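Observations on the three-dimensional arrangement
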Amino acid sequence: MAAVAPKVPSNHKAAVYDKPGTISTKIITVDTPEPGPGEVLIKLYGEISLTFAGFQFSRMHPMIELMLMCDRTHSGVCHSDLGVMTNSWRVLPYPVPEGQVGGHEGVGRVVKMGPGVDSSGIKINDRVGVKWISSACGRCSTFQQYVLGPAAYVTPIPDGLDSAEAAPLLCAGLTAYSALLRSRARPGNWVVISGAGGGLGHLACQIASKAMGLRVIGIDQGTKGEIIMESGAEHFVDVTRFSQDDGISNHVKSLADGLGVDAVIVCTGSNHAYRQSTGFLRFSGTVVCVGVPEGALIPIAGACPSALVVQNQSIVGSAVGNQREAAEVLDFAARGILKAHVEIRKLEDLTKAFEDLGAGNLRGRIVVDLS
Ligand SMILES: NC(=O)c1ccc[n+]([C@@H]2O[C@H](COP(=O)([O-])OP(=O)(O)OC[C@H]3O[C@@H](n4cnc5c(N)ncnc54)[C@H](OP(=O)(O)O)[C@@H]3O)[C@@H](O)[C@H]2O)c1
Ligand SMILES: [Zn+2]
């Protein structure tokens, strides 16, 4: 029997960038759109069923608690959202308009289907994720309660996986995994994750060490050591303890057989980190550029053609990942190999979340509860 479509309101809450160029968001009411051909409407917030009213969480059967946890829906807060909101990404063709809804790590349930989606395999009530690539249409951003998504490109969320932990996988986890694949590092190889305590970085450490059999050296600021080691790194290197690039590259090489690493995944937009990255490589190594520096467009300072030629090294860019890789990352999480470290905030506290992200006070990922 087909699932009954839930009732959809004519409008809903959304957090918009009200003063692009600065860290500022405002909650407004927007019309809830109708799904067009090939689209589904996704509800990005959930409420606890009245059936359970009056129960204390602590008195519930663990299975019911798990079901409720899975039904609350979330959106992760990525450093890319900060770069776009503050107009710091000089590679974008035009500044972000006032009133833009941000966010690109949304998890919710399908509540309405547009025409022509029957063959997509997606049904009413399915739990799905909305990713970065979907934001190209400019309408489907996830800091709001309802969002349109293409039926053929939303990502099914495995049963039993907490929505708050699934959300960061839709950009951070997927991007980290895809970049590691692009590095061509093989089991047993050494890899540096630069920015290893951040949203992308801590997931890159887990995927590299636990899913791909790589040996991880995590680099970040001093306060991030614990989350990096918990995420499977064999070594943590505190970047602030080295005043010279030679000093940190010699140290990293000494940790990796005295030769250096097979791959460096740069998961921070720091130009300083990019400048250091080539110095960590061994013969035939690869730097994968993932972080997007803000402000002026600065070339990678350590990239000398002659050194790249004689050392047979590569520098490649990596943008998010594809639908198959997204499904694989969610499967890692469903099987317990990958677990995002999340800090949950309310939609009303989104501006503060961005301020904390910009100030470098965070470990792992902030996720917004859209309830
Ligand atoms: N290529 C893609 O498709 C893609 C997708 C998503 C995100 N991104 C980009 O990837 C980057 C990371 O995003 P995110 O959300 O993971 O950001 P994040 O949570 O802020 O993580 C970045 C981490 O790098 C650390 N860091 C800063 N300077 C460093 C340095 N010199 N060396 C080593 N670590 C340093 C930061 O420390 P503090 O917090 O102390 O500053 C933080 O722990 C951003 O530039 C984002 O725009 C790219
Ligand atoms: Zn992102």
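- The protein chain appears in an unreviewed UniProt entry as Enoyl reductase (ER) domain-containing protein from Thyridium curvatum.
- Looking at the protein chain in UniProt, the text filed under Sequence similarities (unreviewed entry) is "Belongs to the zinc-containing alcohol dehydrogenase family."
- If you open the UniProt record of the protein chain and go to Cofactor (unreviewed entry), you find "Zn(2+)".

Topic: the overall build of the protein chain
- In terms of helices and strands, the protein chain carries 11 helices and 17 strands.
- The proportion of buried residues among the 371 residues of the protein chain is 45%.
- Relative to all contacts within the protein chain whose residues are 6 or more apart in sequence, the contacts with residues 24 or more apart total 72%.

Describing the sheet that holds strand β12 (residues 235-238)
- With respect to topology, 6 strands assemble into an open sheet ordered β12-β11-β10-β13-β14-β15, the strand pairing being parallel. Sheet topology places β12 and β15 (314-317) at the edges, where each strand pairs with a single neighbour. Within the sheet, the average angular offset between the axes of one strand and its neighbour, ignoring direction, is 20°.
- With 4 bridges joining them, strand β11 (residues 215-220) and β12 adopt parallel strand pairing. By the bridge assignment for β12, Asp220 is matched with Asp238.

Let's talk about the sheet that holds strand β5 (residues 100-101)
- The strand order across the open sheet formed by 3 strands is β2-β1-β5, and the pairing between neighbours is antiparallel. The two strands at the open ends of the sheet, each matched to only one other strand, are β2 (25-31) and β5.
- Here strand β1 (residues 11-17) pairs with β2 via 7 bridges, running antiparallel. Counted as the bridge partner of Val16 is Lys26 from β2.

Overview of helix α11 (residues 350-359)
- Among the residues of α11, Leu350, Ala353, Phe354 and Leu357 are the ones counted as buried. Each buried residue of α11 lies within a common arc of 95° when the element is viewed along its axis, so the set occupies one face.
- Buried residues along α11 sit against β1, β2, β4 (74-77), α2 (79-85), β16 (342-346) and β17 (365-369).
- Backbone geometry just downstream of α11 places Gly360 in the positive-phi region, at approximately 75°.

Observations regarding the packing of helix α4 (residues 172-182) against helix α5 (residues 199-211)
- One way to put it is that α4 packs onto α5 with a least axis distance of 8 Å and a crossing angle of 50°. When the axis of α4 is compared with that of α5, the two are oblique. For the element pair α4 and α5, the recorded crossing hand is right-handed. Contacts between α4 and α5 involve Ala172, Gly173, Thr175, Ala176, Tyr177 and Leu180 from the first element and Gly199, Leu200, Leu203, Ala204, Ile207 and Ala208 from the second.
- Residue composition of the contact of α4 with α5, by class: 9 nonpolar, 3 polar and no charged.

Here we look at the nonpolar core
- Core analysis: the largest hydrophobic core is formed by 95 residues, its most contacted members being Val191, Ala204, Val261 and Ile265.
- Both of domain 1 (11-169 + 321-369) and domain 2 (172-317) provide at least three residues apiece to this core.
- Every residue in contact with Ile265, bar those within four places of it in the chain, is listed here: Ala179, Leu180, Ser183, Val191, Ile193, Ser194, Ala204, Val288 and Val290.

Examining the site of ligand 1
- Taken together, the neighbourhood of ligand 1 is formed by 33 residues, with His79, Gly195, Gly198, Gly269 and Gly360 sitting nearest.
- For the shell around ligand 1, the secondary structure elements donating two or more residues are α2, α4, α5, β11 and α8 (271-277).
- The class makeup of the residues in the shell around ligand 1 is 13 nonpolar, 18 polar and 2 charged.
- Among the domains, domain 1 (11-169 + 321-369) and domain 2 (172-317) are the pair contributing at least three residues each to the shell around ligand 1.

Scoring rules and cut-offs
- Residues numbered from 1 in each chain as written.
- Chains lettered and ligands numbered in written order.
- Predicted model: local features only at pLDDT ≥ 70, side-chain atom pairs only at ≥ 80, totals over all residues.
- UniProt positions renumbered as here; feature names shortened; annotations may be inferred.
- Helix = DSSP H or I, 4+ residues; strand = E, 2+ residues; numbered from the N terminus.
- Buried ≥ 20, exposed ≤ 12 C-beta atoms within 10 Å, placed from the backbone.
- Contact = placed C-beta atoms within 7 Å.
- Pairing = 2+ DSSP bridges.
- Axes fitted to C-alpha atoms, helices over the stretch in contact; angles between N-to-C directions.
- Arc of directions from axis to C-beta.
- Parallel < 35°, antiparallel > 145°, perpendicular 65-115°, else oblique.
- Left-handed = near helix turned anticlockwise from the far one by under 90°.
- Nonpolar A, V, L, I, M, F, W, Y, C, P; charged D, E, K, R; others polar.
- Core = buried A, V, L, I, M, F, W, Y, C linked by C-beta atoms within 7 Å.
- Domains from an automatic or database assignment.
- Near = placed C-beta within 6 Å.

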